[in-house]
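One-letter residues, chain by chain:
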Amino acid sequence: MVGRDAFGFCAIPLISWFTTTPQESTKQRNQALFCIMKDYLKKLTEGENLNPLEIKKIMELILSDQAPPVQIGVFLALLSAKGETVDEVTEIAQILRNQ
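Now for a look at the structure at hand.

The rules we used
- Residues numbered from 1 in each chain as written.
- Predicted model: local features only at pLDDT ≥ 70, side-chain atom pairs only at ≥ 80, totals over all residues.
- Heavy atoms only, no water.
- Helix = DSSP H or I, 4+ residues; strand = E, 2+ residues; numbered from the N terminus.
- Buried < 20%, exposed > 50% of the residue type's maximum accessible area, 1.4 Å probe, protein only.
- Contact = heavy atoms within 4.5 Å.
- Areas by Shrake-Rupley, 256 points an atom, 1.4 Å probe, with all protein chains shown as cover.
- Core = buried A, V, L, I, M, F, W, Y, C linked by side-chain atoms within 4.5 Å.

1. A few points about the overall build of the protein
Consideration 1: On a plain count of helices and strands, the protein comes out with four helices and two strands.
Consideration 2: Secondary structure elements of the protein, listed N to C terminal, follow the sequence β-β-α-α-α-α.
Consideration 3: Residues classed as buried in the protein amount to 29% of the 99 residues present.
Consideration 4: Sequence separation of 24 or more characterises 58% of the internal contacts of the protein that already satisfy a separation of 6 or more.
Consideration 5: Total accessible area on the protein stands at roughly 6600 Å², and carbon and sulfur atoms take up 61% of it.

Given below as structure tokens:
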């Protein structure tokens, strides 16, 4: 089960990685990825800029088909509504160029 740690970050109990079936592991992984993306979307909703590491993680999720299309659309819409920074666009462009 995905939860939050004392700092509010996504957390999955370590023991669960070793005691679950493959189907449960996939479900937990998907929940964790959703949780991670949700944290970044929340930052954008609050008008905060994303740092290069956060951009890299989002783009990794998007380019590896691990982010649902709805979350990708919300990410792009929120980034646009907030106003993209030069650093954010540059990081995304560098990642796409390296693909």
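2. Some thoughts on unusual backbone geometry
Consideration 1: The phi dihedral of D65 falls on the positive side, at around 60°, and the residue is not glycine.
Consideration 2: Within the secondary structure, D65 sits in the loop between helix 2 (52–63) and helix 3 (69–82).
Consideration 3: By relative accessible area, D65 is classed as exposed at 70%.

3. So, the nonpolar core
Consideration 1: Ranked by size, the top nonpolar core spans 16 residues in total, and within it M37, L50, I58, I62 and F75 carry the most contacts.
Consideration 2: Of all the secondary-structure elements, those providing two or more residues to this core are helix 1 (22–45), helix 2, helix 3 and helix 4 (86–97).
Consideration 3: Not counting the four nearest positions on each side in its chain, I62 is found in contact with M37, A67, I72 and F75.

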